[in-house]
Amino acid sequence: MTSEELLQKVRKIEIKTRSLSKNIFAGEYHSQFKGRGMAFSEVREYQPGDDVRSIDWNVTARLNKPYIKVFEEERELTVMLLVDVSGSRNFGTQLQMKRDTMAEVAATLAFSTIANNDKVGIIFFSDKVEKFIPPKKGKQHVLHIIRELLSFEPTSTGTNINMALEYLTNAIKRRCTAFLISDCMDSQFTQPSGKLSGAPIMICSHRHNLNVIQIYDQRDAEMPNVGLLKLKDAETGERIWVDTAVASVREEYARHWQKQQEDLQMLLTKTGTNNVSITTCDDYVKALMRLFNS
């Protein structure tokens, strides 16, 4: 992609997603994600009815009068986007590839963030963290993120969602709202081994407000009857011939997808993680509004 082509795509996605975030998501974003934390404001004398758990014992001892800590709702939010850039994103049989839908969804969330004067950052991951752009405010910062969404090429093709969640937990110490944007094709993530209490998603969701946005193609879920077909695994490079005319082959393919979805949904339900699934031909605006209103 030339620099001119990239700029044209950036401009196109900016116009589309900024309009969506301004006209549709501003209210939902504000009500759902703002003011999740409390920040220290001041100390004042204790008054009857105040919560004794808020007493500042150091000030109380110094002044010989009971004082309490006063907190106010934090109005500034940090939003982190975790975007899957593994090989499986380069697939699409409907309106566009998964990577394009991921870019539009991420851009819409980014514009919604700066419209509310919040900070946004992004983590690109495959089976390792490919790139980390720290959270900042401003339109130029968001345009930089969108350029990276459209042009970034990873050095690896695999997927490791657990690693990305661990990185987020370690990199962002203060509570944030995080959006994991992925096709979730990672068996180590959907089928955690050992106790769930130690799983990266459980630890991350306790520290941050985690939301999972699964983006997939219709053909990820069902195989068409098109006869003999040569398939390539986008992440491992393995190639196999499949006779899609055989009904049992198509049924097994569908069963495998269904089992993966059941495992994913069970994991997200157990960890209390907000989530939504979007296909490449869905209206992602409606899907995101469902997520915001959940």
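The rules behind each value
- Residues numbered from 1 in each chain as written.
- Predicted model: local features only at pLDDT ≥ 70, side-chain atom pairs only at ≥ 80, totals over all residues.
- Heavy atoms only, no water.
- Helix = DSSP H or I, 4+ residues; strand = E, 2+ residues; numbered from the N terminus.
- Buried < 20%, exposed > 50% of the residue type's maximum accessible area, 1.4 Å probe, protein only.
- Contact = heavy atoms within 4.5 Å.
- Axes fitted to C-alpha atoms, helices over the stretch in contact; angles between N-to-C directions.
- Parallel < 35°, antiparallel > 145°, perpendicular 65-115°, else oblique.
- Left-handed = near helix turned anticlockwise from the far one by under 90°.
- Nonpolar A, V, L, I, M, F, W, Y, C, P; charged D, E, K, R; others polar.
- Pairing = 2+ DSSP bridges.
- 1 Å grid on protein atoms, 1.4 Å probe; cavity = no way out; pocket = protein on both sides within 12 Å on 5 of 7 lines; lining within 4 Å.
- Points joined across faces, edges and corners; volume = space filled by probe spheres on them.
- pLDDT = per-residue confidence, 0-100.

## Notes on the overall build of the protein
- In terms of helices and strands, the protein carries ten helices and ten strands.
- For the protein, the proportion of its 294 residues judged to be buried stands at 47%.
- The long-range fraction of contacts in the protein, counting pairs at least 24 apart against all pairs at least 6 apart in sequence, stands at 75%.

## Re the packing of helix H3 (residues 98-115) against helix H10 (residues 284-292)
- Contact geometry of H3 with H10 gives a least axis separation of 11 Å together with a crossing angle of 50°. Classed by the angle they form, the pair H3 and H10 counts as oblique. Two packed elements cross with a definite hand, and for H3 against H10 that hand is right-handed. Taken together, the residues of H10 that come into contact with H3 (itself represented by Glu104, Val105, Thr108 and Leu109) are Tyr284, Leu288 and Phe292.
- When its residues are assigned to classes, the contact of H3 with H10 shows five nonpolar, one polar and one charged.

## Section: unusual backbone geometry
- The backbone phi angle of Asn64 is positive, close to 60°, even though this residue is not glycine.
- Considering the arrangement of structural elements, one finds Asn64 in the loop between helix H2 (57-63) and strand S2 (67-73).

## Focus: the sheet that holds strand S6 (residues 177-182)
- Spatially, S5-S4-S3-S6-S7-S10 is the arrangement adopted by the six strands of the open sheet, whose pairing is mixed. Each end of this open sheet is capped by a strand with a single partner; those strands are strand S5 (129-136) and strand S10 (274-279). Averaged over all neighbouring strand pairs, the angle between strand axes comes to 15°, with direction disregarded.
- Pairing of strand S4 (residues 119-125) with S5, which is carried by five bridges, proceeds in the antiparallel orientation. Counterpart to Ile123 in the pairing with S5 is Phe132.
- Of the strands in this sheet, strand S3 (78-84), S4, S6 and strand S7 (209-216) touch H3, which is tilted by about 150° from S7.

## Structural notes on the layout of surface pockets
- Here the largest pocket defines a volume of roughly 1200 Å³.
- Every residue lining the largest pocket is counted, 34 residues in all, and those nearest its centre are Met185, Asp220, Asp233, Tyr253 and His256.
- Elements with a contribution of two residues or more to the lining of the largest pocket: helix H6 (187-190), helix H8 (218-221), strand S8 (228-232), strand S9 (239-243) and helix H9 (247-270).
- Among the elements that make up the lining of the largest pocket, the one with the highest residue count is H9 (eight residues).
- Across the lining of the largest pocket, the residue classes tally to twelve nonpolar, nine polar and 13 charged.

## What about the confidence of the model for the protein?
- Looking at the protein as a whole, the pLDDT averages 87, with 88% of positions reaching at least 70.
- When pLDDT is averaged over each element of the protein, S4 comes out on top at 97 and helix H1 (residues 3-33) at the bottom at 67.

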